[in-house]
Each structure stands twice: as C-alpha cells, then as structure tokens.
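What follows is the residue order along each chain.
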Amino acid sequence: MNGWLTPRNAVTAGLLAALALLPLYTALTGNAFVMTLFTRVLILAMAAVSLNLIMGYGGMVSFGHAAYLGLGGYAVGILAKEGVGSGFIQWPMAIAVSALFALVVGALSLRTRGVYFIMITLAFAQMVYYVAIGLDRYGGDDGLTIYKRSQFGGLVDLNNKMLFYYLCFALLLASIYLVSRMVNSRFGLAIQGARSNERRMRAIGLPVFRYKLVCFVIAGALCGLAGALLANHTNFISPAMMFWTRSGDLMVMVVLGGLATPFGPLIGTVTYLLLEEALSRVTEYPGLFLGPALLLVAIFLHGGIAGMFERRAP
Amino acid sequence: MIRPLIAGTAALALVASPAMAQQKTVKIGFISTFSGPAAAIGNDMRNSFELGLDHLGRKIGGLPVEVVYEDDEIKPEVGVQKTQKLIESDKVDFIVGYIWSNVILASLKPLVDSKTMTVVTNAGASQLAGELCSPYVFSTSWQNDQTPAAVGLYMNQKGVKTAFLMGPNYAAGKDMLAGVQTTFKGQIVGQELTRWPDQLDFSAELSKARAAKPDAIFVFYPGGAGVQFVTQYAQSGLKGQIPLYTAFTIDDLSLPRLKDLAVGVPGAQEWVNDLPNDANKKFVADFKAKYKTTPSFYGAQTYDAVALIDSAVTAVKGDLSNKEGMRKEMEKADFKSVRGNFRFGNNHIPIQNFYLQDADKTADGGYALHTVSLIVKDDQDKFHDKCPMK
Amino acid sequence: MLYFIEQLLNGVQLGMLLFLLAAGLTLIFGIMDLVNLAHGSLYMLGAYFAATFAAATGSFVLGAVLALAATFVSGVALEVIAIRPLYGRSHLDHVLGTFGLLLFFNELVRLVWGPAGMTLSLQSEMLTAVQIIPGVYYPAYRLVIIAATLAVAALLYILVMRTRLGMLIRAGASNREMAGALGVNIKLLYTLVFGLGAALAGFAGLMQAPILTVQIGMGENILILAFVVIIIGGIGSIRGAFVAAIIVGLIDTIGRAFLPDLLRAVLNTNAALTLAPALSSMSIYMLMAGILVFRPEGLFPAANR
C-alpha cells in the first residue's frame with residue numbers, strides 16, 4: 001500500500017464520517033427512521049466482520065453464521081422473559097453461549113473440507129433454528145417480544161436511540177480493530193497461510209486445527225454479541241433470523257464488500273442493505289435489479305467492491 | 001470507484017426523504033399480506049377498505065385521506081419492521097389490518113409505545129383480548145376462540161361424540177384448537193399441529209386422523225392452506241366417510257377454487273354475505289359491481305374499520321391528537337356494521353352473533369356461501385376478565 | 001400396522017420428489033463443481049409452467065410435457081447467459097451469483113404470474129383414494145408420482161450407464177480435466193447436463209403441483225433438503241442421491257407421524273405438539289452431520305476429491 005490517500009481509504013473514511021454524523025442529521029430533520037435503519041446496518045456489519053474473520057481471512061466458508069445472531073438474541077430474550085433484565089448478565093451470556101456453540105460446531109466440522117464444511121455448518125445452524133421453533137415457552141415460530149431492553153443500572157440507557165446508535169458504532173469499530181489486530185498477528189498469519197496451503201502450515205509445525213478452532217470461536221462470540229444488540233434493537237427475536245437464507249445474506253454482504261479486507265464487511269453491508277431499501281421504494285420488484293446486480297458482482301468484481309479499489313494480482 | 005459512492009448517496013437520499021408535515025390529512029397505515037398465496041386475503045381487505053373510503057367520498061371525518069399499504073409477508077419479524085416504518089417514517093395517525101395473530105403480537109409493542117390508534121381487522125390473539133389489551137387497540141373481528149367455540153356448540157348439536165383436531169402451529173392455530181375444546185362436550189381422540197406456513201402436505205396427518213376413527217374432524221387452515229387441506233381431505237377418500245367441521249377454512253376467497261369440495265363442509269362465522277341488514281346489502285352489492293367477485297369476511301371486517309375510524313375523527317372534529325376523545329367514541333361502536341350492530345367488550349373486542357354457514361350451488365352454476373342458522377347470540381370472548389381496562 | 005404402511009408410502013413419495021431435485025443438483029455439482037442455489041427456482045418454474053399450460057390446453061399431461069420442455073429450455077438459456085461465467089470460480093462466487101439468481105427468479109415470477117400463486121387441478125378420478133391392500137387407502141395420484149419417478153430413475157440409469165453421453169457424464173464426474181484433455185466438447189456437455197438438471201427439477205415441481213403448491217419461493221425449503229440429500233448420498237452419485245432421498249423422505253415423514261405420540265408420553269401435550277415437528281426436522285440434519293463426521297464423502301462417493 002503506497003501512502004494513506006488511496007481511493008479505497010478515502011471512500012472508507014468518508015463512509016465512517018457519514019456514519020458518525022448521521023444522528024445529527026436525524027436530529028435536524030426529525031426523520032428517526034434513518035437512524036433505525038442504520039443502527040441495523042451497523043449491527044449486521046458487525047456480524048459480517050465476524051464472518052469475514054473466518055471466511056475471508058481463514059477460508060472457512062460457514063453457511064450457518066446467522067445461528068450466532070439467533071443464539072445471542074435468544075440469550076437476551078430468554079433471560080428477559082425469565083426476569084433477568086440486567087445487561088451485565090445477558091450480554092456475557094450471549095457471548096458465552098455463542099462461543100460454546102462455536103466450539104462444539106468447530107470441533108466437529110473443522111476436520112471436513114470444502115463443500116462438506118459448508119454443509120455441516122449449515123446443518124448445525126438449521127438444528128438451532130428448529131430447536132428455537134420447538135421452544136413453545138419462548139414463542140416458537142411466532143417469536144418473542146422483548147419488552148425491556150438490557151439494563152445497565154444507570155450507566156447507559158439503551159432506550160435512548162442516539163446513545164444506542166453510537167454504542168453499536170463503537171462496538172463495530174472495536175470489532176474491526178480486534179479482527180485486524182488478530183489477522184496481523186502471528187496467529188492470524190498462520191490462519192491466512194492455512195487458507196491457501198494448509199499442508200505447508202502444518203509442515204512448519206503450526207497447530208493449524210487449534211488455531212482455526214480459536215478463530216472460529218472468536219468469530220462466533222463476536223456474532224453472538226451482535227445478536228444481543230439486534231435483539232435489543234428490534235425488541236423482538238424469532239427463529240426466522242436464523243434461517244439459512246439469512247446466513248446467505250451475511251455471506252453476500254461479506255463477499256460484496258471484499259473478502260479479507262478490514263472495512264470490506266462494513267462497505268458490503270451498507271451497500272446491500274441500502275440498495276435493498278432504496279430499490280423497494282423505487283420499484284415494486286426490487287429483486288429484478290438486486291439479483292442480477294449480485295450476479296454481476298460475482299462475475300466481474302473479483303474480490304467484491306473493496307477489491308475494485310485496488311488492482312490485485314489474480 | 002465513484003459509482004458505489006454515487007449509488008450510496010442516491011440510496012441514502014431516497015431513504016432519508018423527510019416525512020411530510022401533517023397538513024390536516026388523515027394518514028392511515030395498512031398492514032396485510034400482499035405476497036404469496038395469502039395475497040388474495042390482503043387484496044380483498046384492501047379492496048374493501050378502498051370501497052369503504054369511496055362510500056365516504058374519500059374523506060374521514062371530513063378530512064382527506066392518505067393510505068400507505070405495507071406487506072408483512074406472513075412473517076412476524078417483517079410485520080414489526082413495517083409497523084415501525086409506518087409509525088416512524090410515514091408518521092401515520094391510524095394503523096389498520098393485521099391478518100395473522102403472530103404478526104400482531106410481534107408488532108404490538110411499537111404500536112402501544114407510540115400510542116398509535118390501531119384497528120385490527122382480523123387477527124384475534126387471546127393475549128390481545130386479555131392481559132395485553134390496550135386503550136389504543138380495537139378489533140373489528142373477534143377473539144380466536146370465539147369462532148371455533150361456536151363450531152364446538154354446533155358439533156354438540158349434531159351429536160358428535162369423538163373428534164380429531166388439526167391446525168397450523170402458530171398463535172391462532174393453537175387458539176383455535178383450544179377454543180373448540182371450551183364448548184365441545186365429546187372426547188378428543190387426537191390433535192395435530194402442522195408446521196406453518198410452509199407445510200402444505202397433510203397426508204401424514206390425514207392418515208393419522210383416519211386411523212383414529214373419530215366421529216368428526218375439526219380443522220382451522222386459513223387462506224391457501226385451507227384450499228390445500230380440503231382438497232387433500234377429498235383426495236384421501238375421507239370425504240363421505242368422516243364429516244369435516246371448520247373455522248376460517250372455507251370462505252368466499254377459497255370457494256371458487258374448491259367448488260364442489262366445499263359443499264357439505266360447514267363452518268362458523270360472525271358475518272355471512274347474505275346477512276339482511278342495509279349496510280351489508282350495500283357493501284356486498286357495490287363490491288360485486290366494482291370488483292366482480294363476492295367479498296370475504298376479511299373484507300367485511302376491514303370495511304367496518306373505515307366507519308369506525310370515521311366515527312372517531314368526526315367526534316373529535318379532526319383533532320387527531322385527541323386520542324382520549326377518539327378512544328371514547330370508538331368504544332361506543334357507534335356505526336353501522338355490516339354484520340349488524342354490535343357492542344365492544346371492555347377489551348375492545350366485539351360482542352357479537354355467530355352463524356353457521358355452508359356452501360352450495362347457485363342458479364347460474366357458481367357456488368356461494370349462505371347462512372344456515374344462528375349458533376349463538378351476543379357471544380363475548382372468555383379473556384375479557386384478564387384485561388385490566390374497565 | 002396398516003397405518004404404518006400408509007406413512008411408509010408417504011415417506012417414499014416425499015423421497016421420490018427429493019430424488020428428482022437431488023439428482024439434478026448432484027450432477028451439476030459433481031460435473032461442473034457448481035453450487036447452484038437457483039436450482040429451487042427451476043423447480044418453481046416447472047410448477048408455474050405446468051399450471052399455465054394445463055390451464056391453457058385443458059389437459060394435465062399435455063401441460064406437463066410442455067412445461068418440461070419449457071423448463072429444459074429455460075435451464076439451457078440460464079446456463080449460457082448466467083452460469084457459464086461462474087465455472088472455475090470459488091464456491092463463494094457461486095453462492096453469491098446463484099443467490100442473486102434466486103432473488104431474481106422469485107421477483108420475475110411475481111411480475112409475470114402475480115403474487116397469489118396458482119393451482120393445478122386434476123381429473124376427479126385421480127383425486128380418489130384407491131385401496132391398494134385391504135384397509136390401506138392411498139390417493140391414486142400419489143402412486144402416480146412414485147411410479148413416474150421410478151420410471152425417470154430407470155431412464156436416468158440407462159442414460160448414465162448405457163449411453164455415450166452417460167459415459168461422458170461419468171467421466172466428467174470423476175475427472176474433469178482428463179475428460180477435457182481427451183477432447184470431449186466440455187461446453188456442450190455442461191450445457192446439456194445443466195439442462196437435464198433443470199428438467200429434472202422442473203419435473204419435480206410440476207408433479208407436486210396438484211397436491212402441494214405453486215407459489216413464489218417454494219423452492220427455498222426443499223432446496224436445502226436436496227442439498228442434504230446429495231451430501232448424504234455422495235456428491236456426483238445418482239445412486240447415492242436415490243438412496244439418500246428415500247432415507248430422508250422416510251425420516252421426515254415417519255418422524256412427523258410418530259414422534260408427537262412418543263413425546264406425549266414424556267411431555268405435556270402442548271410442548272409435545274410443538275417440539276415434535278421441530279425434532280423430526282432436526283433429525284435429518286443430525287443424520288447428515290453424523291455421516292459427515294464419520295464418512296465425509298457420503299454414502300456412495302463418485303469421485304476422488
């Protein structure tokens with residue numbers, strides 16, 4: 001990378017500035033819906049960042065990542081329904097449950113390769129989906145309304161929409177930072193090496209399986225936290241948020257923005273969700289345009305949108 | 001490189017268009033289903049609502065009206081998002097609609113938190129009639145248990161001793177099966193809840209029903225699923241062997257597709273298209289003239305919502321911020337309903353009659369539903385005690 | 001016992017539909033190494049074409065034949081226009097691209113046929129149940145589905161095992177590069193295979209239309225089951241797809257039929273009622289995960305991968 005002012009960095013900086021100033025725009029125009037929309041964007045971007053860690057950098061294509069959003073969300077929802085409203089308990093629980101699930105799934109799945117890995121991660125996610133449907137007490141298929149957002153005992157009031165927006169923004173930036181530190185460490189370089197040639201990594205003596213598993217667990221935990229945020233944002237959690245097509249959405253957002261780039265997931269999420277929203281206002285048939293757009297990105301834009309900004313050797 | 005930037009800005013601009021100031025227009029948000037097989041229901045409701053507005057000269061309480069239609073895709077999570085959009089982005093004064101119990105339950109919190117006057121024109125979740133009742137939410141339909149309870153009464157009258165129950169596995173399905181058991185005096189020899197909304201193959205459950213050898217089968221399958229069920233019931237050979245009693249499974253929308261299969265399969269309803277009051281005659285006649293088909297009960301309930309809202313806005317003389325005043329007026333149910341006049345219970349759910357309906361062939365070779373008899377008069381739901389409102 | 005036989009038949013019939021979908025999917029995956037999320041869209045198109053042509057011609061059979069042809073042509077067109085650029089790319093690119101196609105087709109169908117879905121009706125003789133053994137009633141049309149799919153399976157077997165085209169397909173499935181190096185017209189082969197897969201999917205769609213549904217997005221639920229089937233059966237293996245499809249069909253149906261009663265012995269009614277369908281759906285995924293842990297290539301792997 002030659003110097004800071006590359007086109008990609010300029011766009012990223014501009015995007016970050018716009019996101020930071022968005023609540024001011026909302027306050028000026030009185031349009032609360034924009035902030036609601038973008039809070040959702042930030043939360044899903046965080047989920048995309050976690051997926052990028054394993055999929056983009058690690059080459060582990062997980063088709064069941066939406067399960068962690070659900071696990072985190074249900075942790076908050078179930079605890080809230082049972083009377084435990086404190087965020088200090090709910091959020092760590094969300095992270096812990098997701099990390100544990102990732103540990104189990106990773107331990108069983110990381111021995112498989114290619115499309116088999118894709119399918120087995122999908123299988124586990126669908127299992128969680130069906131368990132959630134079977135939970136009659138927590139709404140089952142109808143979902144669970146969360147009447148009170150997580151309480152932090154006076155520290156921060158999540159009902160304040162602007163505060164909640166900035167909290168999500170801060171957590172998103174923190175995850176991007178965390179991920180980029182991880183992938184640039186020796187651990188991260190091993191993971192990236194394993195993506196292109198696992199045998200060689202193992203030959204060097206690196207415990208590839210263990211590293212991959214750690215990566216997988218961290219990604220799951222991060223996504224679980226995003227799930228807790230999502231449940232707070234919508235005051236509602238349902239099994240539908242874990243259906244395989246939602247994992248597909250996450251994958252699209254990551255690939256769209258550019259695999260293995262720090263801000264790619266954010267760019268991809270913003271683009272995808274905004275495009276969806278804008279198209280649905282302009283036309284009655286948004287899919288007619290969104291679908292082929294995705295196809296064209298897959299065919300022509302190697303490395304997604306972020307990849308457009310730099311010529312990468314094939 | 002510039003392109004995503006431009007696209008993003010354009011998208012942002014489209015999304016961020018500030019909501020219009022309220023210039024004395026009544027803005028109504030309408031949530032229903034406009035995709036998938038249930039779109040037929042949503043369209044019927046929209047058509048009836050539009051007809052109701054036409055009958056009032058496109059004015060509510062003398063003020064011009066604007067309606068924003070949104071599609072919930074039968075999904076609770078989409079319904080709550082669209083509800084929030086109507087409240088926050090479109091800043092509507094009223095919200096009307098909701099076919100599905102699970103969608104209204106998911107959407108309830110934003111509605112009540114924002115104090116938006118809501119008229120639910122179909123969904124009848126028991127929680128809405130009980131502990132979750134709200135001063136801002138009214139129903140022009142019923143509570144889910146009422147209709148199947150009426151069917152249960154009818155089954156007693158017919159001397160049915162054993163029954164097999166089937167329904168979809170969501171809030172309304174469970175309410176329906178519970179409802180028929182509140183009045184049915186016989187024995188339940190089996191119950192099945194099927195996956196909703198994607199399970200449309202009932203072969204396994206029908207085989208079970210056959211094996212249980214009941215005197216009768218009771219089902220609740222709304223919309224397109226109703227067509228699938230009644231068709232498969234006939235295909236399996238059960239028609240003619242074991243009688244079928246229904247709630248909300250055969251209606252004016254599914255009848256043209258079922259034709260002969262619907263004859264002899266009775267159901268209960270609070271409104272039938274041939275009820276002899278003036279408002280109904282006008283509604284059905286004008287609907288047939290404008291849309292060339294018969295309206296369904298979904299439409300009838302939605303048509304009533306127009307008159308209900310009109311009475312409220314008229315009473316407060318167009319001051320839409322006077323929610324208390326509108327609520328008081330709406331509680332009087334002071335309008336001409338197409339089902340005949342009714343009153344509201346303390347929980348804003350109608351206290352009304354239920355009729356037995358059946359299908360038969362008409363003179364011109366088509367099929368129509370007609371009233372067979374009155375099952376119960378001025379029926380009130382069993383959940384009104386749980387509602388804290390007086 | 002008789003009730004059990006009825007449920008067994010239901011399971012087999014579901015398995016047959018899954019086989020039709022899985023066969024095409026496994027061929028496309030095995031030979032072109034393409035993850036095709038739009039396969040369910042071709043299934044949907046088959047159903048819609050059939051409903052339209054049957055209504056226009058007044059005959060189910062004629063409508064079905066026309067629909068089959070139309071779906072084959074659509075598959076070929078799709079392959080030439082949109083799928084070809086994806087060959088050789090990463091599976092992720094496939095997912096992205098074919099996911100886009102899935103969205104596109106859902107919307108296209110809504111544009112052309114409207115949002116409400118369609119019905120495809122049969123003559124009333126087909127509607128009645130026949131007594132195949134004393135006490136066991138089964139709808140005639142469902143027997144037709146089983147019979148027709150078995151016929152298709154037999155034809156596929158003959159095609160793959162006994163014809164030159166089939167030999168090329170098998171060669172492509174086990175070693176793509178070698179087949180190309182031997183001078184086979186790979187482009188044409190790929191197009192034909194894709195078209196064949198599309199026709200099979202369309203056939204499944206139109207066969208289930210009279211008893212199940214013709215609506216937008218109908219492919220999404222069954223597509224994932226089809227993927228599970230090909231993983232269990234082994235990618236690239238039609239025989240594996242057949243066996244796995246029957247297994248999955250049986251598990252799903254028998255589970256739905258008998259689990260609720262089993263559970264009711266342990267739990268209270270309401271909990272059992274909602275848990276049972278969930279458990280029976282889960283069981284299929286647990287089976288797949290289990291197979292992948294112990295036999296990652298599936299039951300009848302076709303190639304050295």
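Residues numbered from 1 in each chain as written. Chains lettered and ligands numbered in written order. Predicted model: local features only at pLDDT ≥ 70, side-chain atom pairs only at ≥ 80, totals over all residues. Heavy atoms only, no water.

### Some points on the environment of Thr-182 of chain B
Residues and elements named next belong to chain B.
Then comes step 1: For Thr-182, the position within the fold is in helix α7 (residues 171-183).
Then comes step 2: Apart from residues lying up to four places away in sequence, Thr-182 is in contact with Asp-145 and Ala-149.
Then comes step 3: Among the polar contacts listed, one links the side chain of Thr-182 to the backbone oxygen of Gly-179, at a separation of 2.5 Å. (Helix = DSSP H or I, 4+ residues; strand = E, 2+ residues; numbered from the N terminus. Contact = heavy atoms within 4.5 Å. Polar contact = N/O pair within 3.5 Å; in protein donor to acceptor, adjacent residues only side chain to side chain.)

### Observations regarding the sheet that holds strand β3 (residues 63-71) of chain B
Residues and elements named next belong to chain B.
Then comes step 1: An order of β2-β3-β1-β4-β5-β6 is seen for the six strands of this open sheet, with the pairing classed as mixed. In this open sheet, the two strands that pair with only one neighbour each are β2 (59-60) and β6 (137-139).
Then comes step 2: Pairing geometry for β2 and β3, over two bridges, is antiparallel. Residue Lys-59 lies in a different strand from β3, and its bridge partner there is Pro-64.
Then comes step 3: This element, helix α13 (residues 323-331), spans β4 (94-97), β5 (117-120) and β6 of the sheet and lies at about 25° to β5. (Pairing = 2+ DSSP bridges. Axes fitted to C-alpha atoms, helices over the stretch in contact; angles between N-to-C directions.)

### Details of the confidence of the model for chain A
Residue and element names in this part refer to chain A.
Then comes step 1: Summing up the model confidence of chain A, the mean pLDDT is 87 and the portion of residues at 70 or higher is 95%.
Then comes step 2: Per-element confidence in chain A ranges from a low mean pLDDT of 76 for helix α8 (residues 198-204) to a high of 96 for helix α3 (residues 66-81).
Then comes step 3: For residues 310-314, every residue scores under 50 in pLDDT, and the model assigns this stretch three contacts once sequence neighbours within four places are set aside. (pLDDT = per-residue confidence, 0-100.)

### Comments concerning the interface of chain A and chain C
Then comes step 1: Facing 43 residues of chain A, the contacting portion of chain C comprises 44 residues.
Then comes step 2: Of the roughly 3,900 Å² buried at the junction of chain A and chain C (both faces included), carbon and sulfur atoms supply 80%.
Then comes step 3: There are zero salt bridges connecting chain A and chain C.
Then comes step 4: At the surface where chain A touches chain C, the tally comes to four residue pairs in polar contact (both at pLDDT 80 or more).
Then comes step 5: Those elements that provide at least two residues to the side of chain A that touches chain C are α5 (114-134), α10 (244-257) and α12 (287-300) of chain A.
Then comes step 6: With 13 residues, the top contributor of residues to the side of chain A that touches chain C is α5 of chain A.
Then comes step 7: For the side of chain A that touches chain C, the per-class residue count stands at 32 nonpolar, eight polar and three charged. (Buried area = accessible area lost by both parts, 1.4 Å probe. Salt bridge = Lys/Arg side-chain N within 4 Å of Asp/Glu carboxyl O. Nonpolar A, V, L, I, M, F, W, Y, C, P; charged D, E, K, R; others polar.)

### Some points on helix α3 (residues 76-88) of chain B
Within an α-helix, residues lying three or four positions from one another point in the same direction, as the helix has 3.6 residues per turn.
All names here are of chain B.
Then comes step 1: Between its first and last C-alpha atoms α3 spans 18 Å; for 13 residues at 1.5 Å apiece the expected length is 18 Å, and the two agree.
Then comes step 2: The element α3 is extensively covered by neighbouring structure, given that twelve of its 13 residues are classed as buried.
Then comes step 3: All buried positions along α3 are accounted for by Pro-76, Glu-77, Val-78, Gly-79, Val-80, Lys-82, Thr-83, Gln-84, Lys-85, Leu-86, Ile-87 and Glu-88. (Expected span 1.5 Å × (residues − 1). Buried < 20%, exposed > 50% of the residue type's maximum accessible area, 1.4 Å probe, protein only.)

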